[in-house]
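Architecture at a glance
Spelled out from the first residue to the last, the chains are:
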Amino acid sequence: MKLTPKFAHIPAEAFTRLVLAQTRSYSKPLSLGRRAQVSQAFAAETSRPSTGTSWGYDGSADRLVPGHSYFVTCHPGLEEIVAAELSAQHIGAQEVIPGKAGVFFRGTDVVGYRANLWLRSSIRVLRLLAKGPLDSYRAGGDEIYTFFRQAANWAQLLAPRQTFSIRARVTSCTDIPSSHLVQIRGRDAICDSIRDVRGSKPDPPERGQVADLPLFAALFQDECSLYLDMSGDSLHKRGYRTAMHASSLNEAAAAGVLSLASWQTLSASEGQVLADPMCGSGTFLIEAALMATNTAPGLFRQQWPFQSWPDFDPSAWHSSIDTAKQAQVKWDGLLLGNDVHQGALGLAKRDAKAAGISHLIKWHSGPCSQWQPRETPSTVVVNPPWGLRLLNDAEEEEEEPAEANRWFAGDKLPGGRKAVSRRGGSPGYQQAEIKPYEGTPLQAAWVDLRTFLKVMLWRHCRRTMWKTFLLSQTSVLQSAV
């Protein structure tokens, strides 16, 4: 097909596929939803760069670095932080490319093991298993079935009595309306493939349990990338917590915020003191301690899905663990934590003890207005209650605005680095007089709570001293999720 100058920049194969998808005859007319879907896919194709930019879609050409292709997921806004973690010596990833809500990289099996051990600001480590186009002329369910059936030798990947699971994300595909279709037809294909070899299909995982072979499929514009989920549970579940606080901050998001505030570099200096005047269950403090002592967060986990895979290398895995343990260092700094809620503080103390860093933290219980630490903090970071109420409204409304002014207007942190977290819609915080210089958006969604936390890091220059401000705004989603 000869391309007109208007569409000369579009690959010929993609142009032909999209045009025919719009003009092909169906047994019945296209619905308005299908027309809009195909039109959006065509518009996206005309503006899409040569490499895939959708979440989890690996559209790059063949790589020169041997090993596997990986995709690490993270909160939007932390891609550069995660890329820096992957490029560090502890992991040693190659061809690190930040994407949308994640980062692509290549590496050997050992690099994948190290990524699960060392990544602080990530959610999952996905290893590419298969990638290929989906025929837009065939029914979407049939094409998914064929793709999964041919993606791997499932009888070799999945041993008898082992389980598997499928999660999916679908964006702008011709005849695939939802991720549920991918899960159903993909499961059918894998079960049929194994039944043809063994005579029986595998059982599903027990409710609440991680499957032996977790799979993730990312479908984008009639292309499918199928991944093995090496992490299983989200990486923010470090393993040192036995109970979760009602509104605790996600550990991966907390580590990302600390990295944005350069805590990894600051903690290497002598005499550093970090304070959290509303520490809750202590997420900021524990993550700050793990970073300061160079403790790999994955060391607390006892079990990983890839340990039951046929290509698992036990010697390489144990060597990675030993190297991570030897990399830990002593730290001469101090962490200060305060909270008015006794239950949350009890959880924080227990979790800090389980993480082995309780000796680095001094705790205090009471209102922020009455907390006068003897040590002057060099860094302050805080995440006040942002949606779920721990106390009654009157107590919290009276506490938060006044303490934002006291802690971040200079009374308790003269000449130091300041981080302020502001709950959206609270007029008292307008008096803090924080003037932004540069912002970096970070989004973290808790679906179960139907809340949305938006964090922005501000840098403000006054004379010759840089000061760091952390601004956090929250709004509750009104629509059901």
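Refer to the preceding data block for the structure.
Counting starts from 1 at the beginning of each chain's written sequence and moves along it residue by residue. Totals for whole chains, interfaces and linings use all residues, but because this is a predicted model, local features are given only for residues with pLDDT of at least 70 and pairs of side-chain atoms are given and counted only at 80 or more. Water and hydrogen atoms play no part in the side-chain values, which are based on all heavy atoms of the structure.

**Thoughts on the overall build of the protein**
For the record, the criterion: Numbered from the N terminus, helices here are DSSP runs of H or I no shorter than four residues, and strands are runs of E no shorter than two. Working definition: with a 1.4 Å probe on protein chains only, accessible area under 20% of the residue-type maximum means buried, over 50% means exposed, and in between means partly exposed. Contacts: residue pairs with any heavy atoms within 4.5 Å of one another. The Shrake-Rupley method, run with a 1.4 Å probe sphere, supplies the accessible areas, and residue values consider only the shown protein chains as cover.
Assigned secondary structure in the protein consists of 13 helices and 14 strands. When each of the 481 residues of the protein is scored for burial, the buried share is 52%. Across the protein, the fraction of contacts at a sequence separation of at least 24, relative to all contacts at a separation of at least 6, is 75%. For the protein, the accessible surface area stands at approximately 22800 Å², while carbon and sulfur atoms represent 51% of it.

**Describing the pairing of strand β2 (residues 94-98)**
Note the threshold: We call two strands paired when DSSP finds no fewer than two bridges between them.
Note: β2 against strand β3 (residues 102-107), three bridges, orientation antiparallel. By the bridge assignment for β3, Ile-97 is matched with Phe-104. Where β2 hands over to β3, the hairpin turn is made up of three residues, of which Ala-101 adopts a positive phi near 55°.

**With respect to helix α11 (residues 314-326)**
Spelled out, the test is: The span expected for a helix works out to 1.5 Å for each residue beyond the first. Picture the helix axis, draw a direction to every C-beta atom, and the arc is the one those directions span.
With 13 residues, α11 extends 18 Å between its outermost C-alpha atoms, agreeing within 8% with the 18 Å of an ideal straight helix rising 1.5 Å per residue. Three or more residues of α11 are buried, namely Ala-316, Trp-317, Ser-320, Ile-321 and Ala-324. Taken down its axis, α11 places every buried residue within 140° of arc, on the same side. Away from its buried face by more than 90 degrees, α11 exposes Ser-315 and Gln-326. Tucked into the core, α11 has its buried residues touching α4 (109-118).

**Points about the pattern of salt bridges**
The following threshold applies: For salt bridges, the criterion is a side-chain nitrogen of Lys or Arg within 4 Å of an Asp or Glu carboxyl oxygen.
Counted under the stated rule, the structure contains 13 salt bridges. Here Asp-142 makes a salt bridge to Arg-185, at a shortest N to O gap of 3.9 Å. One end of the pair, Asp-142, is in helix α5 (residues 140-151); the other, Arg-185, is in helix α7 (residues 179-198), with 43 residues separating them in the sequence. Close ionic contact of Arg-185 with Asp-188 constitutes a salt bridge, the shortest N to O distance being 3.1 Å. With Arg-185 and Asp-188 both in helix α7 and three residues apart, the pair spans about one turn of that helix. One network of salt bridges, in which partners are shared, links Asp-109, Arg-127 and Asp-311.

**Regarding the state of the cysteines**
Going by this rule: Two cysteine sulfurs form a disulfide in these notes if their separation is within 2.5 Å.
The tally for this structure, following the rule as stated, stands at zero disulfides. Sulfur of Cys-279: no disulfide; nearest cysteine sulfur belongs to Cys-368 and is 9.1 Å away. The exposure class of Cys-279 is buried, given its relative accessible area of 6%.

**Considerations on the sheet that holds strand β8 (residues 273-276)**
Note the following rule: Axes here refer to lines fitted to C-alpha atoms; in helices the fit is confined to the stretch in contact. Angles between the N-to-C directions go from 0 to 180 degrees.
Reading across the sheet, the four strands line up as β10-β9-β8-β11 and stay open at both edges, with parallel pairing between neighbours. Looking at the sheet topology across the chains shown, the edges are occupied by β10 (361-365) and β11 (379-380). With five bridges connecting them, strand β9 (residues 334-339) and β10 associate as parallel partners. Its bridge partner being in β10, Gly-337 is matched across the sheet by Trp-363. The sheet contacts of helix α10 (residues 283-292) involve β8, β9 and β10, and relative to β9 the element is tilted by about 170°.

**Brief notes about α5**
Here α5 is twelve residues long and its end C-alpha atoms lie 16 Å apart, about the 16 Å a rise of 1.5 Å per residue gives. Looking at α5, one finds that the buried residues are Gly-140, Gly-141, Glu-143, Ile-144, Tyr-145, Phe-147, Phe-148 and Ala-151.

**Digging into the sheet that holds β2**
Within the open sheet, the seven strands sit side by side as β2-β3-β1-β4-β7-β6-β5. Their pairing is mixed. Both edges of this open sheet fall to β2 and β5 (164-171), since each of them pairs with a single strand only. The mean angle between the axes of side-by-side strands here comes to 25°, regardless of whether they run parallel or antiparallel. Bridge count for strand β1 (residues 68-74) against strand β4 (residues 122-133) is five bridges, and the pairing is antiparallel. Residue pairing across strands places Cys-74 opposite Ser-122, the latter belonging to β4. Packed on one face of the sheet, α7 meets β5 and β6 (213-220) and runs near 140° to β5.

**Observations concerning the environment of Pro-367**
Within the secondary structure layout, Pro-367 lies in the loop between β10 and β11. Residue classification places Pro-367 among the partly exposed residues on the basis of a relative accessible area of 24%. For the pair formed by Pro-367 and Met-278, sequence separation is 89 residues and the distance between their alpha carbons is 8.7 Å.

**Topic: the packing of α4 against α11**
Two packed helices can be described by the angle between their axes and the distance between those axes. Spelled out, the test is: Oblique is the label for any angle not covered by the other classes, which are roughly parallel (under 35 degrees), roughly antiparallel (over 145) and roughly perpendicular (65 to 115). Each crossing is labelled by how the near helix is turned from the far one, with a counterclockwise turn of less than a right angle marking it left-handed and a clockwise turn marking it right-handed. Any residue outside Ala, Val, Leu, Ile, Met, Phe, Trp, Tyr, Cys, Pro, Asp, Glu, Lys and Arg is labelled polar, Gly included; the first ten of those are nonpolar and the last four are charged.
Direction vectors running N to C along α4 and α11 enclose 40°, while the axes themselves pass 10 Å from each other. As judged from the angle between their axes, α4 and α11 are oblique. Between α4 and α11 lies a crossing of right-handed hand. The residues of α11 that touch α4, namely those facing Val-110, Tyr-113, Arg-114, Leu-117 and Trp-118, are Ala-316, Trp-317, Ser-320, Ile-321 and Ala-324. Each residue belonging to the contact of α4 with α11 can be placed in one class, and the counts come to eight nonpolar, one polar and one charged.

**Side note on the packing of α5 against α7**
At a minimum axis distance of 8 Å, the contact between α5 and α7 shows a crossing angle of 45°. Judged by the inter-axis angle, α5 sits oblique to α7. The crossing of α5 and α7 is right-handed. Counted together, Gly-140, Gly-141, Asp-142, Ile-144, Tyr-145, Phe-148 and Arg-149 of α5 and Leu-181, Val-182, Arg-185, Gly-186, Asp-188, Ala-189, Ile-190, Asp-192, Ser-193 and Asp-196 of α7 form the full contact between these two elements. In terms of residue class, the contact of α5 with α7 is built from seven nonpolar, four polar and six charged.

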